[in-house]
Amino acid sequence: MDFVIIIFLCLAILLYFLLGGADFGAGIIELFTSQKNRSKTRKTMNQAIGPVWEANHMWLIITIVILFVAFPKIYTTMSVYLHIPLAIMLIGIIARGTAFVFRHYDAVKDQMQEVYNKIFIYSSFITPLFLGIIAGSVLSGKIDTQATDFVSAYVYSWLNWFSIAVGLFTVTLCGFLAAIYLIGESKADEDKKRFIKKAEFMNVGAVIFGAMVFTAAYFEDVPLMTWVFQNDVALLAVILASLSLVLLWYLLLKGKTKVLRILAGFQVTMILVAISYAHFPNFIRLKNGDTISLYETMAPIKTVESLGWALVLGSFLILPFLGYLFYKFQQKEE
Amino acid sequence: MDDFLAARSQMALSLGFHIIYACIGMVMPFFMAVSHYKWLRTKNEVYRDITKAWSKGVAIFFATGAVSGTMLSFELGLLWPKFMEHAGPIFGMPFSLEGTAFFIEAIALGFFLYGWNKLNKWFHWFTGVVVGVSGLASGILVVAANAWMNSPAGFDFVNGEYLNIDPIAAMFNKAWFSQALHMCLAAFTATGFAVAGVHALMILRKQNADFHYKAFKIAVTFATVCAVLQPISGDISAKDVAKRQPAKLAAMEALYETQKPAPLLIGGVVNEKDKTVKYALEIPGALSFLAYGDFKSEVKGLDKIPADEHPPVAVTHYAFQIMVGIGSLLVLISLIYFALLLRKKSILDRRWVLKLFVLAIPLGYIALEAGWVVTEVGRQPWIIYGVMRTRDAVTPMPGIAWSFYLFSVIYASLNVIVIFLLYRQIKMVPTLYSQPAVSTQAKAN
C-alpha cells in the first residue's frame, strides 16, 4: 500500500497543477488582458471553467489529506516553517473561490462586478505564486529547524531567490496551461488568436523564469542541475519536454490547435518529473543538510492501508463521474 | 493577546464561520431536490423557479463553505502542528473518506448548476440529490473526526507514545454517532427555519406570494420535523457525555459539587471564583434523570475533577442554556405549526405565525454555534480528551495574534458580502422569475 498512497500523492499534486493550474491561469490571463478584451475573455472562461472549477480545487484537499494522514511529519514541518506563505496562499484561495462565484451569482450586475473581478484576478496571481514559493521552499534547503529567531525560522525559510523564482515560474506555467486550454474552448477566430498570443507570451515567460530558477538554484546551493542532468529519467524528461515544446510552437504558429492541450499537459508533467524524480523519495530539504523523506516519515502500516483503500475506492467513485463531467461540458454548443 | 489565546480564537472563528456555511451548503440541496422533483412531476413552473433560485444560494454557500473548509484543513497544521503530528494518522480516516464525499459533491454540483437543458432531466435531478447526500456524508465524517477528540479511540497511549493505531476503530469512536446525529438534525433545523423565515418575510411583504409560500412549505417541513426530533437526540448526547466526559457535563450544568440526586439548573449567573451559581431555577433530580435515566443517581461534580482539568464553566454553562432554550423555542414554534396543519388552517391567514418564523431566522444558527461551544469549550483543557492538552499542541510560531486579526477581517468581510448577495437575490425574485404574482389574499380565499 506504500506505493499506492505515494502514487496517489504524486497524481493529486500533478492534477492540481494541471487542472487547478489551468484554473488559476484563467485569472492570470484575465489580468494580462487589455481592458477592452477582458469581458470577452471572461465569458469564454466562465463557460470553460465554471462547471469544473470546484472539482479542480479538490485535488488540493486530497493532497493535503494524504499528507497529514500518511506523512504527518512533512505536513507539520511545512505548517510550522512555511506558515506565512501558506496563510497567504489560503487567503488567495478564499478570495479567488468566493469572488468567482460571487461575480457569477450576483443577481444584479453593477459596479460590484468590477470589485469581484479585481479580487479574482489579483488572487489568481497571488495563489499560484505562493504555491510555487512553497514548493520551491520545500526543495530549497532553507528550512531551518534549529533557528532561534523569528526571521530565520519563519521568513528566510521561504523568502529567498530560489523560492521566488519557482513561484514566478509556476505563475507563467499556469497562465500557459490556461491559454492553451482556452484556445480549444473559444468559438470565434478572433478569440482563438488572442489566446494563441497569450500562450506564446506565457511560454516565453516560462522559459525566462525557468532560467531564473536554475540561476537561483546555482547561487542558493540547490543541487537542481545534478537532479536534472545527472539522472537518466530526469534527463529524458527534459529532452522530451524540449522536443514537445518545439512541436507545440510549430503547431501554434501554424494555427493547428487540436493536440495542443495534450502537449502542454505533457510538458508540465515532464517538468515536474525532471525536478522531482532524482530528489524522490526525499520531500523536504532542511538547512542542516538533513532531508525528510516520504518513506521515513510514513504513518503506521494500518493507517497507510486504510488510507490506500479509501483512495482506491474513492477513485472508483470519483473518476468516472469526473470524466463524464469534463466530457459533457467540453461539447461545444451549436 | 498571547499566541495560545490567539490560536484558539482563530480556530474558533474559522470553525464558527465554516459551520454556518457548511450547514447551509449541506441542507439546502435537499430542499432544492424536493422542489426540483415537484417541478418534474407537476410541471408547475413556480417549482422550477424556486429550484433555480435556491440553487444560486447553494452555489454561493457551497463555495464559501468549501474555501473555509480548505482553510481549516490547513489551519489544523498551521495552529496545532503537535496535535496533527500524532493525531493525523489516527483520526485521518474520516477525513480521507470525506475527501471522496466532498469531491463527489463538487462534481455533482458542477453537473447540477450547469446542467439545465443539457442533461437528461432525471439525471439532472439525480445530480442534485447526489449533492445533498454526499454533502451530508461529509458532514457526518467531519463530525466523526471531531468526536474522536472528545472520545479518543483506536490507539494505545503508552509513555507518551501513540501505539497500535487502528484508524477504523478511531473513526467509530464512542461519540461519533450521538454527535453526528445531533449535528445533522441541528443543521436541518437551523437552515430550515432560516429559509422558511426568509420566505415568510417575503410573504408578509406580499411579493410573489405563491413562489414564497411554496418555498416556505418545503423548508418548514424539514425544519419542524427535525426540531421536534432534536430533543431525543439531545437526550442521547447528554447520557453519552455523562458517561464519557463528566467534566463537560458538570460544566454544562455548572455543577460544582457532586450531588445525589442532582438538580437541573436553568439559567443562573455563574461565579467562577466562588464556584457558585446564583438566580438559577432548580428542578430537583432532573439532572440525575437526564444523565442516567434515574431521578436518584449521583452526578459527578467539578469537585471530583482536578482543578487544572476544569473546562471554563461559565462559557460552557451559558452556551448550553442558550442552546437548550432556543431548541425548546423552536419546538414550540413547530408544535404551533403542526396544530394549525391539523386543524387545516391556512398559515397565510395568521400573520403572527409568519412573524414567529421571521423571528426564528437567526435562532437556529445561534443554537448551533452555542452547541458547538459546549462541545469544544467543554472539552478544554484537552485537545485530545485525557491525552493531550490544547496548550501543548499550539504552534511555536509567535505573532499568531496578527494572523487572528487578519482572518477576522477576512471572515467579517465575507459575511457582509454573502448577506449582501443574498439580499440582492431575494430582492430580485420578482424580476428574475417573471411569474404572475398571485396575491396572498387571492390564494387564501
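Residues numbered from 1 in each chain as written. Chains lettered and ligands numbered in written order. Predicted model: local features only at pLDDT ≥ 70, side-chain atom pairs only at ≥ 80, totals over all residues. Heavy atoms only, no water.

(A) Spatial organisation of the overall build of chain A. When helices and strands are tallied, chain A shows 13 helices and two strands. For 334 residues, the compact-globule estimate of 2.2 N^0.38 gives 20 Å, and the C-alpha radius of gyration of chain A, at 20 Å, lies within 12% of that figure. C-alpha extents for chain A along the principal axes are approximately 55 × 40 × 40 Å. In chain A, which comprises 334 residues, the proportion classed as buried is 60%. Put simply, 78% of the contacts in chain A that link residues at least 6 apart link residues at least 24 apart. (Helix = DSSP H or I, 4+ residues; strand = E, 2+ residues; numbered from the N terminus. Rg over C-alpha atoms; globule rule 2.2 N^0.38 Å. Buried < 20%, exposed > 50% of the residue type's maximum accessible area, 1.4 Å probe, protein only. Contact = heavy atoms within 4.5 Å.)

(B) Up close: the packing of helix α1 (residues 2-31) of chain A against helix α13 (residues 301-330) of chain A. Residues and elements named next belong to chain A. The N-to-C vectors of α1 and α13 enclose an angle of 35 degrees; their axes lie 9 Å apart at closest approach. By crossing handedness, the relation of α1 to α13 is classed as left-handed. Every residue of α13 that contacts α1 at Asp2, Val4, Ile5, Phe8 and Leu19 is listed here: Val304, Leu307, Gly308, Leu311, Val312, Ser315 and Phe326. Its residues assigned to classes, the contact of α1 with α13 shows nine nonpolar, two polar and one charged. (Axes fitted to C-alpha atoms, helices over the stretch in contact; angles between N-to-C directions. Left-handed = near helix turned anticlockwise from the far one by under 90°. Nonpolar A, V, L, I, M, F, W, Y, C, P; charged D, E, K, R; others polar.)

(C) Representation of the pattern of salt bridges within the structure. What the rule picks out here adds up to 18 salt bridges over all chains. A salt bridge links Asp110(A) to Arg424(B); the nearest nitrogen and oxygen atoms lie 2.7 Å apart. With one member in each of two chains, Asp110(A) in the loop between α5 (83-105) and α6 (112-140) and Arg424(B) in helix α13 (residues 400-427) form a pair that bridges those chains. Its salt-bridge partner being Arg379(B), residue Glu376(B) comes within 3.1 Å of it at the nearest N-O pair. Residues Glu376(B) and Arg379(B) agree in their burial class; the two are buried. Each of Glu30(A), Arg42(A) and Arg103(A) takes part in a single network of salt bridges with overlapping partners. (Salt bridge = Lys/Arg side-chain N within 4 Å of Asp/Glu carboxyl O.)

(D) Main features of the confidence of the model for chain A. Here chain A averages 87 in pLDDT, while 99% of its residues score no lower than 70. When mean pLDDT is taken per element in chain A, helix α4 (residues 72-81) of chain A scores highest with 92 and helix α2 (residues 38-49) of chain A scores lowest with 79. (pLDDT = per-residue confidence, 0-100.)

(E) Highlighting the packing of aromatic side chains. All names here are of chain A. The final tally for this structure, using the stated rule, is 47 aromatic pairs over all chains. Ring geometry for Phe32 versus Phe201: centroids 5.9 Å apart, planes at 55 degrees, classification tilted. With Phe32 in the loop between α1 and α2 and Phe201 in helix α9 (residues 189-219), the pair connects residues that are 169 residues apart, well separated along the chain. What makes Phe32 partly exposed here is its relative accessible area of 38%. Taking relative accessible area as the criterion, Phe201 reaches 47% and is therefore assigned partly exposed. Taking 6.1 Å as the distance between ring centres and 55 degrees as the angle between the ring planes, the aromatic pair formed by Phe130 and Trp158 counts as tilted. Of the two residues, Phe130 is situated in helix α6 and Trp158 in the loop between α7 (150-155) and α8 (161-185); the sequence distance between them amounts to 28 residues. (Phe/Tyr/Trp six-rings, centres within 6.5 Å; stacked < 30°, edge-to-face > 60°.)

(F) Seen up close, helix α12 (residues 260-276) of chain A. Compared with the 24 Å implied by 1.5 Å per residue over 17 residues, the 24 Å span of α12(A) between its first and last C-alpha is a close match. Considered for burial, the residues of α12(A) that qualify are Leu260(A), Leu263(A), Ala264(A), Gly265(A), Gln267(A), Val268(A), Thr269(A), Met270(A) and Ala274(A). (Expected span 1.5 Å × (residues − 1).)

(G) Region of interest: the interface of chain B and chain A. The interface is formed by 65 residues belonging to chain B together with 60 residues belonging to chain A. Looking only at chain B, the three residues that lose the most surface to chain A are Phe74(B), Phe103(B) and Tyr114(B), adding up to 14% of its buried area. Seen at the junction of chain B and chain A, the total is three salt bridges. Within the residue set of the side of chain B that touches chain A, elements represented by two or more residues are α2 (45-79), α3 (81-114), α4 (121-150), α5 (167-171) and α13 of chain B. Among the elements that make up the side of chain B that touches chain A, the one with the highest residue count is α3(B) (22 residues). Residues that form the side of chain B that touches chain A fall into these classes: 46 nonpolar, 14 polar and five charged. (Buried area = accessible area lost by both parts, 1.4 Å probe.)

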